[in-house]
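Residue-level structural notes
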Amino acid sequence: MMADRRWRWFHRLGSPPHVYSLAGRLAPWLGWIALILLLAGVVWGLVFAPPDYEQGDGFRIIYVHVPSAWLSLFVYTAMAVACAVGLIWRMKVAFAAAIAMAPLGAMFTFLSLATGSIWGQPMWGTWWAWDPRLTSQLILLFLYLGFIALNRAFPEQQTGDRASALLGVVGVVNVPIIHFSVDWWHSLHQPATIAQFGPPAIDTAMLIPLLITAVGFKLYFLWLLCLQLRSELLYRERRASWVKAEAGKIST
Amino acid sequence: MSEFFYMDGFAVWVWSAFGVTAVAMIFTAVGVLRRHRGQLRQIAQRHGETSPNEPRD
Amino acid sequence: MRSVIAASLARECLLAVRQLSDLATPLLFFILVGLLFVLGLEPSPEILAEVGPGVIWVAALLASLLGAERLFRADLESGALELQALGSEPLTLSIIGKLLAHWLVTGLPLILLSPLLALMLGLPQAALPPLLAALILGTPVLTVLCALGAALTVSLRSSGTLLALVVLPLTVPVLIFGSRVAMEAGQGGAAEGGMLWLGALCALAASLGPPAVAVAVRISLE
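Residues numbered from 1 in each chain as written. Chains lettered and ligands numbered in written order. Predicted model: local features only at pLDDT ≥ 70, side-chain atom pairs only at ≥ 80, totals over all residues.

1. A word on the overall build of chain A
Definition in use: A run of DSSP states H or I qualifies as a helix once it reaches four residues; a run of E qualifies as a strand once it reaches two. Both are numbered from the N-terminal end. For the exposure call, what matters is how many other C-beta atoms sit within 10 Å of a residue's own: 20 or more marks it buried, 12 or fewer exposed, and in between partly exposed, using C-beta atoms placed from the backbone. Contact definition: two residues whose C-beta atoms, as placed from backbone geometry, lie within 7 Å.
The helix and strand tally for chain A stands at 9 helices and 0 strands. In chain A, which comprises 252 residues, the proportion classed as buried is 48%. Here the contacts in chain A between residues at least 6 apart in sequence split such that 77% fall between residues at least 24 apart.

Now the structure itself:
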């Protein structure tokens, strides 16, 4: 009985109407807080944070690059967890969540690549230096794209969900190995003449806005995840009775 | 003020990095919101009738 | 348990021998990719010796991908796959046999042919033993990953490009460790680190691979 009650929240997460309305209630809060934090973090980072003594104001790219890089890995991990939950407990909502996350994760991966490359240009004198982190991010982008392509390839939604879920789980086992191997490749490939960017021994005055933007990015992701998940559930459950009940609420 | 936009000579890079991020995040948000609205509208239209299939977005 | 694996292994090998042309295509492709690289690059010995191991690994990767596409197709169409999945014996066991057979008929010939490609690319003598050892450890990983992708996409009508998109990013570590081992050896360096990592990947693929492929097959059968 105790165990039953303790796991009730988990069972309720398996119910599409419950998750649909929960996401609907959370979304506006997440969206507005994300907007406030993003604006605050960006203004703080651009205006009030002191310039770096080596890179001057160039380091300010950190406030968009690092949060998107963190988030790209976080989203992939979360997606793989959703995939595993879906495969193990045959939870439809988990599959919907995984495919709702994938394009968002791909977007953050792309952003970390784009801003990293822009940051690299003044530092390395070239847009692309086969920096190990950028290289791993590029492979991560392909992992995301493969996941999305596999999910969409099947005429049966369920088969696509389960096939891509297995790919996601295999992928998350591979991500650390890929990161390590690319690091190793780079360390043999050339001596560390290329400066590594990222937050090495960063000053507190620089760190606070970074943390604010990082939380802002994460809430922005959660906000869009809620909306994506709602769209996905409405589409997948379009023949279910609860969606018809929802339709009644909308039209009145 | 102009010093702020000059960014210590890193203006091009700093502003393009922030610009790319802003554009990508706003585009994604608009796309997600539009899809969400579209789904809601479709569900509302289908209320009471049953059409066999409709486009995804 | 062993008899299930052996029966599956024997069956697959027999089928492969009957379809020799299917067997030969990836091997010809392997050599052809090497040839194309040489023609695309400059055929000077220094450049070739430097990029050689990488070229051999990329060629091996593409050849195993090509060979894997039809791995489950015939069995799915004939219904044999479904029988195996519904049978009383665990599907993982017959998958182990199938993977072993697939490695024997595609991976092993690739390894045997690679000295030829190494010769074409003018690889230094010292690089050959590490290259072969790395291929012996690395091709099973490639077999498992390609089989996983093939099992996931087998029910799709045209799966070629999707298979590549799904599988190739996962093979990056094998490519890196494998070609580095041979490259380091060619330049007189030590290659133990990469070799150990390849061994670890091989063990990981051998232990987790067959159950994962079995899950993928079950998903495709649904």
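2. Examining the interface of chain A and chain B
As a measure of interface size, the accessible area lost when the parts come together is often cited. Note the threshold: We call Asp, Glu, Lys and Arg charged. Ala, Val, Leu, Ile, Met, Phe, Trp, Tyr, Cys and Pro are nonpolar, and the rest, Gly among them, are polar.
Every contact between the two is made by 33 residues of chain A and, on the other side, 27 residues of chain B. The set of elements that each furnish at least two residues to the side of chain A that touches chain B consists of helix H4 (62-89), helix H5 (92-124), helix H8 (204-236) and helix H9 (241-251) of chain A. No other element matches the 9 residues that H5(A) contributes to the side of chain A that touches chain B. Taken together, the residues that form the side of chain A that touches chain B break down as 19 nonpolar, 9 polar and 5 charged.

3. Thoughts on the interface of chain C and chain A
Across the contact, 18 residues belong to chain C and 23 residues belong to chain A. Mapped by element, the contributors of at least two residues to the side of chain C that touches chain A are helix H7 (128-153), helix H8 (160-167), helix H9 (172-186) and helix H10 (192-221) of chain C. The dominant element in the side of chain C that touches chain A, judged by the number of residues it contributes, is H9(C), at 5 residues. Tallied by class, the residues present in the side of chain C that touches chain A amount to 16 nonpolar, no polar and 2 charged.

4. Some thoughts on the nonpolar core
Formally: Connectivity within a nonpolar core runs through C-beta atoms within 7 Å, and the core itself is a set of buried Ala, Val, Leu, Ile, Met, Phe, Trp, Tyr and Cys residues.
Counting 155 residues, the largest nonpolar core has Ala98(A), Leu166(A) and Val213(C) as its most contacted members. Residue contributions to this core peak at 18 residues, all from H5(A).

5. Some thoughts on the environment of Ala80(A)
Residues and elements named next belong to chain A. Along the polypeptide, Ala80 turns up in helix H4. Residue classification places Ala80 among the buried positions, given that 22 C-beta atoms sit within 10 Å. Between the C-alpha atom of Ala80 and that of Gly216, which follows or precedes it by 136 residues, the distance is 23 Å. If near-sequence neighbours (up to four positions away) are discounted, Ala80 is found in contact with Gly168, Val169, Gly171 and Val172.

6. Some details on the packing of helix H1 (residues 2-18) of chain C against helix H6 (residues 91-120) of chain C
Helix-helix packing is characterised by the crossing angle of the two axes and by the distance between the axes. All names here are of chain C. Worth spelling out the cut-off: In this description, a line fitted to the C-alpha atoms serves as the axis of each element, helices being fitted only across the stretch in contact, and the angle between N-to-C directions of two axes falls anywhere from 0 to 180 degrees. An angle below 35 degrees is treated as roughly parallel, one above 145 as roughly antiparallel, one from 65 to 115 as roughly perpendicular, and anything else as oblique. Put simply, a crossing is left-handed when the front helix is turned counterclockwise from the back one by less than a right angle, and right-handed when it is turned clockwise.
Two numbers describe how H1 lies on H6: the axes approach to 7 Å, and their chain directions differ by 40 degrees. As far as their axial angle goes, H6 and H1 are oblique. Handedness of the H1/H6 crossing: right-handed. Mapping the contact onto sequence places Val4, Ile5, Ala6, Ala7, Ser8, Leu9, Glu12, Cys13 and Ala16 in H1 and Leu93, Ser94, Ile96, Gly97, Lys98, Leu100, Ala101, His102, Leu104 and Val105 in H6. In the contact of H1 with H6, the residues fall into 13 nonpolar, 4 polar and 2 charged.

7. Quick word on the environment of Leu61(C)
Residues and elements named next belong to chain C. With respect to the secondary-structure elements, Leu61 resides in helix H3 (residues 45-68). Separated by 85 residues in the primary sequence, Leu61 and Cys146 have C-alpha atoms spaced 9.2 Å apart. For Leu61, the residues in contact, after removing those within four places along its chain, are Leu142, Thr171 and Leu175.

8. Points about the arrangement of the chains
Among the 2 pairs of chains that make contact, the interface with the largest number of contacts is formed by chains A and B. Between chain B and chain C there is no contact, and the shortest C-alpha to C-alpha distance separating them is 20 Å.

9. Quick notes on unusual backbone geometry
Residues and elements named next belong to chain A. The backbone of Arg90 shows a phi angle near 50 degrees, a positive value even though the residue is not glycine. Tracing the backbone shows Arg90 in the loop between H4 and H5. The exposed category is assigned to Arg90, around which 12 C-beta atoms lie within 10 Å.

10. Section: the confidence of the model for chain B
As a reminder, the rule being used: Confidence of the predictor at the level of single residues is captured by pLDDT, which takes values from 0 to 100.
Taken over all residues, the pLDDT of chain B has a mean of 77, while the share at 70 or more is 65%. Interface confidence for the predicted complex, given as ipTM, is 0.87, next to a pTM of 0.88.

11. Quick word on H1(C)
All names here are of chain C. Short version of the rule: Expected span of a helix, by definition, is 1.5 Å for each gap between consecutive residues, and there is one gap fewer than residues. Arc, as used here, means the arc of the directions from the helix axis to the C-beta atoms.
With 17 residues, H1 ought to run about 24 Å at 1.5 Å a step, and its terminal C-alpha atoms sit 24 Å apart, in line with that. For H1, the complete set of buried residues consists of Ile5, Ser8 and Glu12. Seen end-on, H1 carries its buried residues on one side only, within an arc spanning 70 degrees. Facing away from the buried surface of H1 by more than 90 degrees, the exposed residues are Arg2, Ser3, Ala10, Leu14, Val17 and Arg18. Considering only its buried residues, H1 is in contact with H6.

12. Digging into the packing of H7(C) against H9(C)
Residue and element names in this part refer to chain C. Interaxial distance between H7 and H9 falls to 9 Å at its minimum, and their mutual angle equals 175 degrees. Here H7 lies roughly antiparallel to H9, going by the angle between them. Within the contact between the two elements, H7 uses Pro130, Leu131, Ala134, Leu135, Gly138, Val141 and Leu142 and H9 uses Val174, Gly178, Val181, Ala182 and Ala185. Of the residues belonging to the contact of H7 with H9, the class tally is 10 nonpolar, 2 polar and no charged.

13. Digging into the environment of Lys92(A)
All names here are of chain A. Of note, Lys92 is situated in helix H5. Lys92 sits in the partly exposed class, given 19 other C-beta atoms within 10 Å. Each C-alpha atom, one on Lys92 and one on Arg162, is 9.9 Å from the other, the two residues being 70 residues apart in sequence.

14. A word on the confidence of the model for chain A
Residue and element names in this part refer to chain A. With 90% of its residues at a pLDDT of 70 or more, chain A has an overall mean of 83. Within chain A, the element-level pLDDT minimum falls on helix H1 (residues 2-6), averaging 66, and the maximum on H4, averaging 91. For residues 191-196, every residue scores under 50 in pLDDT, and the model assigns this stretch 4 contacts once sequence neighbours within four places are set aside.

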